[in-house]
Amino acid sequence: MKFTDFGFDDRLMEGIDASGYENATPVQEQVIPLIMAGKDVIASAQTGTGKTAAFLLPLINKIITDPHEDHTNNALVIVPTRELAVQIAQHMEGLSYFTSVSSIAVYGGGDGNAFVQEKKALSHGADVVICTPGKMMSHIKMGYVKLAGLKYLILDEADRMLDMGFYDDIMFIIDSLPKKRQNLLFSATMPHKIRELARKILHNPEEVNISISKPPEKIKQEAFIVYETQKIPLVKHLLGKKDFKSVLIFCSSKISVKQLTRDLKRARFLADEIHSDLDQPKREEVLIQFKSGRLPILVATDILSRGIDIDNIDLVINYDVPHDGEDYVHRIGRTARAAAEGSAYTFVTVKEQRKFMSIEKLLGKPVPKAIVPEELGETPAYNAAPSGGGGNRNFNKPRRFQNNTKR
Ligand code: AMP
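Our subject in this report is the structure included herewith. Just so it is clear, the model here is predicted, and its values are computed rather than measured. (Residues numbered from 1 in each chain as written. Predicted model: local features only at pLDDT ≥ 70, side-chain atom pairs only at ≥ 80, totals over all residues. Heavy atoms only, no water.)

1. Considerations on the overall build of the protein
Within the protein one finds 14 helices and 13 strands. Looking at the protein as a whole, 56% of its 407 residues qualify as buried. Within the protein, counting contacts between residues at least 6 apart in sequence, those at least 24 apart form 78% of the total. When the accessible surface of the protein is totalled, it reaches about 18,500 Å², and 50% of it is carbon and sulfur. (Helix = DSSP H or I, 4+ residues; strand = E, 2+ residues; numbered from the N terminus. Buried < 20%, exposed > 50% of the residue type's maximum accessible area, 1.4 Å probe, protein only. Contact = heavy atoms within 4.5 Å. Areas by Shrake-Rupley, 256 points an atom, 1.4 Å probe, with all protein chains shown as cover.)

Structure (structure tokens):
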């Protein structure tokens, strides 16, 4: 379907052309007409499907063409992380470039200057406010945010926001909004708690389901069955084997992020880290370096696993097994975007084997197990017996790891 088929305003069409979009993606094809018709929508769509433009385009079009009050904030887009807020704001800027629709990103971690700017915009009224829940709640509590004329509410990555404990903040914000408004909820997964949230917020919603719970075939997935002590030597080995241009390594804790980055730097790899202990300017700087290709190796907590749009990553390493299958798909989905090809390696320790088996179950097939180089010592066996017992009784005891590399 072509974008010309949606009947968008010419000024918006110019922004679409300038962004290089020709055909609508499946989520856009389904969601845009519903939003244009004024319906509430609940959509399960992951990042990479074009979901951001699926709500921004009809939103911009409505703000251009529908009568609305000046000096009020018109639309609120609530997202889980600062990075996603910045990214959506950039998208918004590109698509609305030839229109007079205004927007602002409101997120924590900025300096006093950012706060003054946010306060000014929110008390004067921006067309589209893209915000993280905690920061928006603080502004609302201070009493100057103009919300009386607000017409659109969008929750993006709603499952992620609930996982991060933002339920109360979100409900506080929603209680401050006019009751009559159009509501859109996007979520990669649809667990019970999201349905509950949707029931509270949406009115007779239309449901759209575009979730890809399986990673694209072109991602070469491999798992390394290892002991914890083998992980750092293995990362170094893999990075030294090939000249990767852009490598993203996910760890499940800040401590491992810091330790691994330190070790990689010591071994003269060009690596840096991103996690919630860094202040916002530093996080932005590291992301810019990585996105531009000047920094080839980024070690991250899973702050980056969803929603962040970085192209051309050729290797993702799960240094720890992700929490669940959806997280796994999100993390490895950072590679092989668009036409590129990519690899995804996952390190699985003995105590993570059960978790990884359930991920394999979700994927519908086992992830090929790669051979750990001999010089790293013997590795544990992978007990592929189905959980619940009854299967393979020949579970090999983990063999001794000889090369006790000190970290
Ligand atoms: P998203 O799922 O919103 O994170 O979008 C993923 C990427 O697809 C972003 O880089 C968008 O700019 C891009 N994109 C969104 N819609 C289209 C489209 N219709 N044609 C080409 N690229 C698109």
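Once you've had a look at it, read on.
2. Overview of unusual backbone geometry
At Asn204, a residue that is not glycine, the phi angle is positive and equals roughly 40°. Counting through the fold element by element, Asn204 comes out in the loop between helix H9 (192–201) and strand S7 (206–209). Taking relative accessible area as the criterion, Asn204 reaches 73% and is therefore assigned exposed. Unusually for a residue other than glycine, Arg268 sits at a positive phi of about 70°. Arg268 gets classed as exposed once you look at its relative accessible area, which sits at 77%.

3. A look at the nonpolar core
Counting 45 residues, the largest nonpolar core has Phe3, Phe8, Phe55, Leu57, Val128 and Ile130 as the members making the most contacts within it. The element that contributes the greatest number of residues to this core is helix H3 (residues 51–65), accounting for nine residues. Residue contacts for Phe55: discarding those within four places in its chain leaves Ile35, Val77, Ile88, Ile154, Asp156, Leu184 and Phe186. Membership of the second largest hydrophobic core comes to 34 residues, among which are Leu147, Leu153, Ile174 and Ile201. (Core = buried A, V, L, I, M, F, W, Y, C linked by side-chain atoms within 4.5 Å.)

4. Notes on the side chain of Gln280
Secondary-structure assignment places Gln280 in helix H12 (residues 280–292). Classification of Gln280 as buried rests on a relative accessible area of 3%. At a separation of 2.7 Å, a polar atom in the side chain of Gln280 contacts the side chain of Glu284. Among residues more than four places away in sequence, those in contact with Gln280 are Arg82, Tyr107, Gly108, Gly109 and Gly110. (Polar contact = N/O pair within 3.5 Å; in protein donor to acceptor, adjacent residues only side chain to side chain.)

5. A short note on the sheet that holds strand S13 (residues 342–348)
A sheet is described by the order of its strands in space; here six strands give the open sequence S8-S13-S12-S9-S11-S10, paired in parallel fashion. Pairing within the sheet leaves two strands with one partner each, and these edge strands are strand S8 (219–225) and strand S10 (271–274). Averaged over all pairs of adjacent strands, the angle between strand axes in this sheet comes to 20°, irrespective of strand direction. Note: strand S9 (residues 247–250) against strand S12 (residues 315–318), four bridges, orientation parallel. The residue of S12 that forms the bridge with Ile249 is Ile317. Along the sheet, helix H11 (residues 254–266) makes contact with S9, S10 and strand S11 (297–300), crossing S10 at roughly 165°. (Pairing = 2+ DSSP bridges. Axes fitted to C-alpha atoms, helices over the stretch in contact; angles between N-to-C directions.)

6. A word on the packing of aromatic side chains
Evaluated as defined, the whole model comprises nine aromatic pairs. For the pair Tyr97 and Phe98, a centre-to-centre distance of 5.1 Å together with 80° between the ring planes defines the contact as edge-to-face. Three or more aromatic residues joined by ring pairs make a cluster, and in this case those are Phe3, Phe6, Phe8 and Tyr21. Taking NZ or CZ as reference, Lys141 lies 5.3 Å from the ring centre of Phe172, over its face. (Phe/Tyr/Trp six-rings, centres within 6.5 Å; stacked < 30°, edge-to-face > 60°. Lys NZ or Arg CZ within 6 Å of the ring centre and 35° of its normal.)

7. A word on the packing of helix H5 (residues 112–124) against helix H6 (residues 133–141)
Two elements in contact, H5 and H6, have axes whose closest approach is 11 Å; the angle formed by their N-to-C orientations is 65°. Regarding H5 and H6, the two cross each other, and that crossing is right-handed. In this structure, H5 contributes Phe115, Glu118, Lys119 and Leu122 to the contact, and H6 contributes Lys135, Met136 and His139. For the contact of H5 with H6, the class distribution of residues is three nonpolar, one polar and three charged. (Left-handed = near helix turned anticlockwise from the far one by under 90°. Nonpolar A, V, L, I, M, F, W, Y, C, P; charged D, E, K, R; others polar.)

Function cannot be inferred from these measures alone, as they are strictly geometric.
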